[in-house]
Amino acid sequence: MTFGTDLKDQIPLIVKYVGDGIESLHQFRSFLKERSNIEREYAQKLEQLSKKYKSQHNTSVKHFLTGADPSQQQQPVKKEDQSTTLQAWNHLLKQTGHIAKIRFRLAEDINDMIVEALRETAVRKEECRRKHAAFYQRLKSERDKTYAEKDRAKQAYDEACLEIENLKAKKARGGDSEKLQRQIDAATLDCYNKKNLYLLAVNIANAERSKYFDEDIPILADVG
C-alpha cells in the first residue's frame, strides 16, 4: 500500500496538508530571522559595551602603571604585578568582545545557512504544490467531461425511446398507419444508434473513472 492508494481521491486534503507544512516552514523561517536579528543586536551591544569599558580600563591601567602624577619620576609597576582585580577586569573585557564575535557569527550563520535554505525549500515546495493542484484539476476536469458526455448520451437515448413510445401511441389512436410505421422504424433505428453511443460513453466513462482512481490519483499523491 502507498500514500496514494490509501488515500484515494484525497488530493485536496493532501494539497492542504502540504500547504500547512509550507506555512510552518515560513513561520520557522520568520522565527529564525527574528532570532538572527536579536543575536546581531545583542552582539552589537556587547561589542559597544566592551569598547566603552575597554577605553576606560586602558586609562585606569595607564594610571595604575605610571602612578597618579605622571610628571613625578616613579618606577612603573610591571604588568605581572597588577592586582587580581585588574587582571580579572581585563579578562572579562576580552571575553565580552569574544562573545560578541561569536554572536555575530551565529547571526550570520542562521541567516545565510538556515534562513535562506528554508526560503528556497518553501519556494520549491510551493511551486510543486501549485503544479500538483493544477494537474489534479485538469485530471478532474477530464474525468467530469467524460461523465457529462455519458449523461448527455443517456439523455439522448431516453429521448429517442420516448419518441418511439409517442409514435406508437399515435398509431394506436388510429393515425396514418403506414406513415407512422415508417416514422417508428426510423425512430427505432435512431434509438439503436443512440443506445450504442450511450453504451460507448458508459464504457469510456468507466475506463476514465478506473484510470482516475486506480492510476492517476495514486501516482499524483505519491509523487514528490
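Residues numbered from 1 in each chain as written. Predicted model: local features only at pLDDT ≥ 70, side-chain atom pairs only at ≥ 80, totals over all residues. Heavy atoms only, no water.

Some points on the confidence of the model for the chain
Low-confidence regions, as indicated by low pLDDT, have predicted coordinates that should not be scrutinised in detail.
Next up, step 1: In the predicted model, the chain carries a mean pLDDT of 84, and the fraction of residues at 70 or more is 83%.
Next up, step 2: When pLDDT is averaged over each element of the chain, helix α3 (residues 84-172) comes out on top at 91 and helix α1 (residues 3-6) at the bottom at 54.
Next up, step 3: Low pLDDT, under 50, characterises residues 72-77; the stretch is placed with five contacts to residues that sit more than four places away or in other chains. (pLDDT = per-residue confidence, 0-100. Helix = DSSP H or I, 4+ residues; strand = E, 2+ residues; numbered from the N terminus. Contact = heavy atoms within 4.5 Å.)

With respect to a positive patch on the surface
Next up, step 1: Taken together, Lys54, Lys94, Lys101 and Arg105 make up a surface patch of like positive charges.
Next up, step 2: In terms of residue count, α3 provides more of the positive patch than any other element does, three residues in total.
Next up, step 3: Structurally, arginine 105 is set in helix α3.
Next up, step 4: Note on arginine 105: relative accessible area 48%, which makes it partly exposed. (Patch = residues over 30% accessible without salt bridge, like charges linked within 9 Å, V, L, I, M, F, W, Y side chains within 5 Å. Areas by Shrake-Rupley, 256 points an atom, 1.4 Å probe, with all protein chains shown as cover. Salt bridge = Lys/Arg side-chain N within 4 Å of Asp/Glu carboxyl O. Lys, Arg positive; Asp, Glu negative; His and termini not counted. Charge placed at Lys NZ, Arg CZ, Asp CG, Glu CD. Buried < 20%, exposed > 50% of the residue type's maximum accessible area, 1.4 Å probe, protein only.)

Topic: α3
Next up, step 1: Counted at 1.5 Å a residue, the expected span for α3 with its 89 residues is 132 Å, and the 126 Å between its end C-alpha atoms agrees.
Next up, step 2: At asparagine 111, α3 shows its strongest bend, of approximately 30°.
Next up, step 3: At the exit of α3 stands glycine 174, carrying a positive phi of roughly 95°. (Expected span 1.5 Å × (residues − 1). Bend = angle between axes of the 7 residues up to and from the residue.)

Thoughts on a nonpolar patch on the surface
Next up, step 1: Together, Phe28, Phe31, Met113 and Ile114 make up an exposed nonpolar region whose accessible area comes to about 420 Å².
Next up, step 2: Those elements that place two or more of their residues in the nonpolar patch are α2 (11-66) and α3.

Digging into the nonpolar core
Next up, step 1: If you look at the biggest cluster of nonpolar residues, it comprises twelve residues: Ala153, Tyr157, Ala160, Ile164, Leu167, Leu180, Ile184, Ala187, Cys191, Tyr198, Ala201 and Val202.
Next up, step 2: At the level of secondary structure, the elements contributing two or more residues to this core comprise α3 and α4 (177-222).
Next up, step 3: Counting residues per element, this core draws most heavily on α4, which supplies seven residues.
Next up, step 4: Aside from chain neighbours lying at most four places away, what touches isoleucine 164 is Ala187, Thr188 and Cys191.
Next up, step 5: The next biggest cluster of nonpolar side chains, apart from the first, holds ten residues, and it includes Val15, Tyr212, Ile217 and Leu220. (Core = buried A, V, L, I, M, F, W, Y, C linked by side-chain atoms within 4.5 Å.)

Describing the side chain of histidine 132
Next up, step 1: Structurally, the position occupied by histidine 132 is in helix α3.
Next up, step 2: Relative accessible area serves as the criterion here: at 16%, histidine 132 is assigned to the buried category.
Next up, step 3: Sequence-distant contacts of histidine 132, defined by excluding residues within four places in its chain, comprise Leu220 and Val223.

What to know about the packing of aromatic side chains
Next up, step 1: The full count for this structure, using the stated rule, is three aromatic pairs.
Next up, step 2: Considering the side-chain rings of tyrosine 53 and tryptophan 89, the 6.0 Å spacing of their centres and the 85° angle between planes classify their relative orientation as edge-to-face. In this pair, tyrosine 53 is assigned in helix α2 and tryptophan 89 in helix α3, connecting sequence segments 36 residues apart.
Next up, step 3: For tryptophan 89, a relative accessible area of 30% translates into the label partly exposed.
Next up, step 4: Here tyrosine 157 and tyrosine 198 contribute two aromatic rings whose centre-to-centre distance is 6.0 Å and whose plane-to-plane angle is 10°, an arrangement assigned as stacked. Here tyrosine 198 lies in helix α4 and tyrosine 157 lies in helix α3, a separation of 41 residues in the sequence.
Next up, step 5: Its relative accessible area of 18% is what places tyrosine 157 among the buried residues.
Next up, step 6: For tyrosine 198, a relative accessible area of 18% translates into the label buried.
Next up, step 7: Seen from the ring of tyrosine 212, arginine 143 lies directly overhead, with NZ or CZ sitting 4.6 Å from the centre. (Phe/Tyr/Trp six-rings, centres within 6.5 Å; stacked < 30°, edge-to-face > 60°. Lys NZ or Arg CZ within 6 Å of the ring centre and 35° of its normal.)

Thoughts on the pattern of salt bridges
When the charged atoms of two side chains with opposite charge come close together, those side chains can pair.
Next up, step 1: With the rule as written, the count across this model stands at 15 salt bridges.
Next up, step 2: Ionic pairing is found between arginine 35 and glutamate 39, a salt bridge with its closest N-O pair at 2.8 Å. Of this pair, arginine 35 and glutamate 39 both sit in helix α2, four residues apart, which is roughly one turn of that helix.
Next up, step 3: Classification of arginine 35 by relative accessible area gives partly exposed; the value is 34%.
Next up, step 4: A salt bridge links arginine 130 to glutamate 126; the nearest nitrogen and oxygen atoms lie 3.5 Å apart. Taken as a pair, arginine 130 and glutamate 126 lie in helix α3 at a separation of four residues, close to a single helical turn.
Next up, step 5: On the basis of relative accessible area, arginine 130 is assigned to the partly exposed category, the value being 48%.

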